[in-house]
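The chain contents come next:
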Amino acid sequence: MSWTSYGAYLLIVVGLVLMPGPDTFVMLRASLVCGRAGGLSTLAGVFTGNVLQGCAAAFGLGVLVAGSHTVFTVIRWAGVVYLCVLGVQALRAARRGDYPAVDDDGGPRVPVRRSFLVGFGSNITNPKVLVMYLSVLPQFLVPGVTTIADALLLALSVAVLGGVYGVGLVLAVHRARGFFTRRRVRRAGDVVAGAALIGFGGALAVT
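A short tour of the structure in this document, coming up. If you're wondering where the values come from, they're calculated on a predicted model, not measured in any experiment.

In this section: the overall build of the protein. Tallying secondary structure elements over the protein gives 9 helices and 0 strands in all. Within the span of the protein, comprising 207 residues, buried residues form 42% of the whole. Here the protein has roughly 10,800 Å² of accessible surface; of this, 70% comes from carbon and sulfur atoms.

Structural data, given as structure tokens:
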């Protein structure tokens, strides 16, 4: 693989990473509600899901999943339900407005495993992530020339760049935690996140 083609690929990936999606809102809400530790744990879950889906696409497994209408439909509806549940939880939190006191990290202490699973679930139940890999990767793969290592490099670049961007978002929220921990701001954040997650779930349902 030439540096020119890889550079062109990275430009496309950067554009995709900067587009806000369900993972972004899940991660931002975790950062707002649970502080830096919760945001980074959620990001780790998203990153793990990205790595698994990228590897599946690189090894050709993604084609089998996307090609099976039944499997794809099951994953899609699992994602719809998951995003809507997270959205409803956020809206219920905004309606109650009963937020616990925060610690020095900017949020209540929550189990790292729980935050990780929330991020992982958001990514792995979203078949659009896999479709993204399958629609972009083939444009840079040359049959008989491109190796598995090249395919993995392309796939994992998405996860790495997404992870770097996510770390930046979490740290930005943490630096401004004095503002974001205000009750009115947290309620507004929950309303926006809840509406966005339900909207993404609805969009996924009609795909």
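Right, picking up where we left off after that structure.
It is worth spelling out the pattern of salt bridges at this point. Enumeration according to the criterion identifies 1 salt bridge in this entry. For Asp190, the salt bridge identified is with Arg29, shortest N-O distance 2.6 Å. Highlighted residues: Asp190 in helix H9 (residues 183-205) and Arg29 in helix H2 (residues 22-58), separated in sequence by 161 residues.

Turning to the side chain of Ser41, a few remarks are in order. Looking at the element boundaries, Ser41 is found in helix H2. Of note is the side chain of Ser41, whose polar atom sits 2.8 Å from the backbone oxygen of Ala37. Those residues in contact with Ser41 that sit more than four places away from it in its chain are Val112, Ser115 and Phe116.

Computed from the structure, the largest pocket encloses a volume of approximately 720 Å³. Lining the largest pocket are 28 residues, with Leu16, Met19, Gly21, Asp23 and Val129 sitting closest to its centre. Breaking the lining of the largest pocket down by element, the ones donating at least two residues are helix H1 (3-18), H2, helix H6 (127-136), helix H7 (148-175) and H9. Sort the elements by how many residues they give to the lining of the largest pocket and H2 lands first, with 8 residues. Across the lining of the largest pocket, the residue classes break down as 18 nonpolar, 8 polar and 2 charged.

Conventions and cut-offs
Residues numbered from 1 in each chain as written. Predicted model: local features only at pLDDT ≥ 70, side-chain atom pairs only at ≥ 80, totals over all residues. Heavy atoms only, no water. Helix = DSSP H or I, 4+ residues; strand = E, 2+ residues; numbered from the N terminus. Buried < 20%, exposed > 50% of the residue type's maximum accessible area, 1.4 Å probe, protein only. Areas by Shrake-Rupley, 256 points an atom, 1.4 Å probe, with all protein chains shown as cover. Salt bridge = Lys/Arg side-chain N within 4 Å of Asp/Glu carboxyl O. Polar contact = N/O pair within 3.5 Å; in protein donor to acceptor, adjacent residues only side chain to side chain. Contact = heavy atoms within 4.5 Å. 1 Å grid on protein atoms, 1.4 Å probe; cavity = no way out; pocket = protein on both sides within 12 Å on 5 of 7 lines; lining within 4 Å. Points joined across faces, edges and corners; volume = space filled by probe spheres on them. Nonpolar A, V, L, I, M, F, W, Y, C, P; charged D, E, K, R; others polar.

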